[in-house]
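Chain and residue survey
Each chain is listed here by its residues.
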Amino acid sequence: MPAHPFKTNFTKGELTPKLIGRVDLQGYANGAECLENYVVQAHGGVARRAGTLFVYPAKDQSTAVRLMPFEFSVTQAYMLEFGARYIRVFANRAPVLQATAQPATGITLSALTGCTVTITAATGNTVFVAADIHREVRAAAGGGRAHIRSVTDATRVVADVLVDFASLSLASPNWFLSGAPVEVTSPYAATDLFNLRGAQSADVLFLADQHAAPSKLIRSTPTSFALNTISFNPPPSTEAGFTPATTLTPSATSGASVNFTAGAAAFLASDADRQIIASAARAVIATVHSATLTSGRVLDAFLSTATLAAGSWLMDGSPVTTLTVDKTKPVHAAVILTLAANGWRSDDVGKFVHVNGGLIELTAVDSALIARGVILSALSSITAAPGGSWTLEAAAWSAARGYPGVVQFYQQRLLWAGSPRQPDTVWGSVVADYENHASGTADDLAIEFTIADNGVNVIRWMVGIDVLMLGTISGAFRIVTPTDQPLTPTNINVKPASKYGADFSVDALSVGGNVLFLQRGQRRLRELVY
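Notes on the structure follow. (Residues numbered from 1 in each chain as written. Predicted model: local features only at pLDDT ≥ 70, side-chain atom pairs only at ≥ 80, totals over all residues. Heavy atoms only, no water.)

This brings us to the overall build of the chain. The helix and strand tally for the chain stands at 1 helix and 44 strands. The globule rule puts the C-alpha radius of gyration for 530 residues at 24 Å, and the 31 Å found for the chain is more than 25% above it. Counting only C-alpha atoms and orienting by the principal axes, one finds that the chain spans roughly 90 × 80 × 50 Å. When burial is assessed residue by residue, the chain has 44% of its 530 residues classed as buried. Counting only contacts in the chain whose residues sit at least 6 apart along the sequence, the fraction spanning at least 24 positions is 57%. Total accessible area computed for the chain in this model is approximately 25,700 Å², and 53% of it derives from carbon and sulfur atoms. Here the chain holds 38 positive side-chain charges and 39 negative ones, and the gap between their average locations is 5 Å. (Helix = DSSP H or I, 4+ residues; strand = E, 2+ residues; numbered from the N terminus. Rg over C-alpha atoms; globule rule 2.2 N^0.38 Å. Buried < 20%, exposed > 50% of the residue type's maximum accessible area, 1.4 Å probe, protein only. Contact = heavy atoms within 4.5 Å. Areas by Shrake-Rupley, 256 points an atom, 1.4 Å probe, with all protein chains shown as cover. Lys, Arg positive; Asp, Glu negative; His and termini not counted. Charge placed at Lys NZ, Arg CZ, Asp CG, Glu CD.)

Structure below.
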């Protein structure tokens with residue numbers, strides 16, 4: 001005779017098959033083998049999950065699209081449809097549309113409801129054009145709406161009825177042709193959509209993707225949206241070194257005094273003590289003999305003495321010589337930078353100099369000894385800075401270096417992280433100035449830090465709760481400061497929080513002051529409690 005055990009609740013949800021024989025556990029009696037399409041309620045019962053409502057067809061139904069909210073306020077909220085190279089905007093369960101058109105002729109429908117309904121206008125009138133695909137035929141009264149799927153000719157279209165019509169015939173002006181859905185061109189390919197990250201402030205949604213420059217989607221009116229590439233002033237920077245556009249030939253694969261001959265002028269006097277890097281091979285320049293000849297000690301052996309192609313080698317670091325500036329402030333003031341030995345190059349224009357606790361953008365190179373620039377953050381003094389105490393840096397993000405893949409707001413800063421070249425580095429803007437990454441020692445200036453972990457793993461989420469939490473594909477970390485002070489350039493402390501790595505594609509969520517994230521492998525949902 002079959003047994004029918006009495007169950008009072010399902011608070012343990014769906015149990016793993018590995019517990020199928022554990023009748024000794026209390027949780028066994030409060031769980032189920034399968035709860036597909038059910039939601040466990042707080043008081044123990046279950047309810048069938050809510051259904052879905054058809055709102056509008058995606059622009060390209062042959063590929064997946066990504067939905068992302070755009071919420072200015074509780075009363076002004078939108079849903080964004082991200083597709084291959086486009087963004088469409090929805091509100092109130094319908095697309096946001098451009099201006100409408102009122103054709104001066106009547107129409108006839110083949111059916112009041114259903115898909116692939118034919119809508120025909122009076123013969124001899126040019127009513128429809130190819131660009132009308134994705135627009136709507138709407139009844140002036142009664143609520144009838146049909147989404148145009150294809151245009152057969154100037155008087156006939158095939159459409160999907162979204163809201164049933166009350167009549168098969170509509171005379172002018174009892175119907176109109178809606179404007180096309182509001183659409184914005186984007187740089188995001190179909191393969192990038194589910195790796196996108198976003199952070200919103202009022203009418204601006206900041207977007208991050210490793211394959212496209214950071215952008216911002218701006219709402220200027222309820223029906224007007226624009227996507228712009230962010231022009232950081234200044235951008236985050238890094239000591240990228242110098243890649244000469246010429247060949248290099250080592251005289252030996254290893255040794256303490258190896259000659260390096262360039263195919264054209266490449267070396268300056270202040271390149272002494274910099275490193276030559278070619279893949280895994282490294283050498284320290286000891287002496288610069290001429291613009292085409294140096295010698296130095298090999299740290300990691302070269303594969304052979306074959307000539308290295310242009311672009312396959314570089315000089316790491318910054319010029320190693322004393323730098324003197326003629327003023328320390330104010331911000332935006334012009335400044336002259338003088339080297340003790342030749343070191344400036346023409347392509348240094350647009351790069352950034354970090355010296356004496358301040359930041360300068362180079363605007364001109366007058367000679368190998370003298371350059372001019374603009375102060376972006378005030379210097380502490382005009383004391384001459386010896387080689388090794390100042391750096392020459394280029395923008396940290398570019399088409400060649402890749403772009404950050406994560407963005408988040410925290411403590412009035414806009415944070416970016418997870419670029420291909422610096423996967424475990426976080427950059428934070430100046431306080432309340434989201435597109436300014438001027439660095440220095442003042443508390444409100446931009447911040448930058450790198451996670452010191454066993455491996456170099458890409459950051460895939462950041463969440464601000466009481467502290468800043470971030471997750472890499474190898475684990476999670478919390479960013480703390482002494483006595484709960486705000487983050488500044490000098491007080492950042494990174495502590496491990498979990499050894500569960502994050503999934504690459506799915507962002508984390510803040511729920512009830514805790515963080516929910518999908519573990520790498522997409523088999524477990526983890527909760528991080530602080």
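This paragraph deals with the pattern of salt bridges. In the structure shown here, the tally under the stated rule is 16 salt bridges. Here Arg 135 ties to Asp 132 by a salt bridge, and the two come within 2.9 Å at their closest N and O atoms. Residue class for Arg 135 comes out buried when judged on its relative accessible area of 15%. For Asp 203, the salt bridge goes to Arg 219, with nearest N and O atoms at 2.7 Å. (Salt bridge = Lys/Arg side-chain N within 4 Å of Asp/Glu carboxyl O.)

If you look at the biggest cluster of nonpolar residues, it comprises 27 residues, and the most contacted ones within it are Val 426, Trp 461, Met 462, Leu 470 and Val 515. Every element with two or more residues in this core is listed here: β34 (406-410), β35 (413-417), β37 (447-450), β38 (459-464), β39 (468-472), β40 (476-480) and β43 (514-518). Beyond its immediate sequence surroundings of up to four residues, Leu 470 is in contact with Val 426, Phe 449, Ile 451, Ile 459, Trp 461, Met 462, Gly 475, Ala 476, Phe 477 and Ile 479. Counting 20 residues, the second-largest nonpolar core is a separate cluster that includes Val 89, Val 96, Leu 193 and Leu 196. (Core = buried A, V, L, I, M, F, W, Y, C linked by side-chain atoms within 4.5 Å.)

It is worth spelling out the packing of aromatic side chains at this point. For the coordinates displayed, the defined rule picks out 17 aromatic pairs. Judged by centre distance (5.0 Å) and plane angle (70 degrees), the rings of Phe 409 and Tyr 434 are edge-to-face. Of the two residues, Phe 409 sits in strand β34 while Tyr 434 sits in the loop between β36 (425-428) and β37, which places them 25 residues apart along the sequence. In this structure Phe 409 comes out as buried when scored by relative accessible area, which is 18%. Sitting over the face of the ring of Tyr 86, Lys 59 holds its NZ or CZ atom 4.9 Å from the ring centroid. One cation-aromatic arrangement involves Arg 526 over Tyr 500; the distance from NZ or CZ to the ring centre is 3.6 Å. (Phe/Tyr/Trp six-rings, centres within 6.5 Å; stacked < 30°, edge-to-face > 60°. Lys NZ or Arg CZ within 6 Å of the ring centre and 35° of its normal.)

In this section: the side chain of Thr 472. With respect to the element layout, Thr 472 can be found in strand β39. Using a relative accessible area of 2% as the deciding quantity, one classes Thr 472 as buried.

Residues Ile 336, Leu 369 and Ile 370 make up a contiguous nonpolar surface patch of roughly 200 Å² in combined accessible area. Looking at the secondary structure, you find Ile 370 in strand β32 (residues 370-377). When its relative accessible area of 32% is taken as the criterion, Ile 370 is described as partly exposed. (Patch = residues over 30% accessible without salt bridge, like charges linked within 9 Å, V, L, I, M, F, W, Y side chains within 5 Å.)

With that out of the way, let us pick up the pairing of β37. Covered by surrounding structure in β37 are Ile 447 and Phe 449 only, the residues Glu 448 and Thr 450 on the alternate face being uncovered. Pairing analysis gives 4 bridges linking β36 to β37, with the strands arranged antiparallel. The residue bridging Val 426 from the neighbouring strand is Phe 449, located in β37. (Pairing = 2+ DSSP bridges.)

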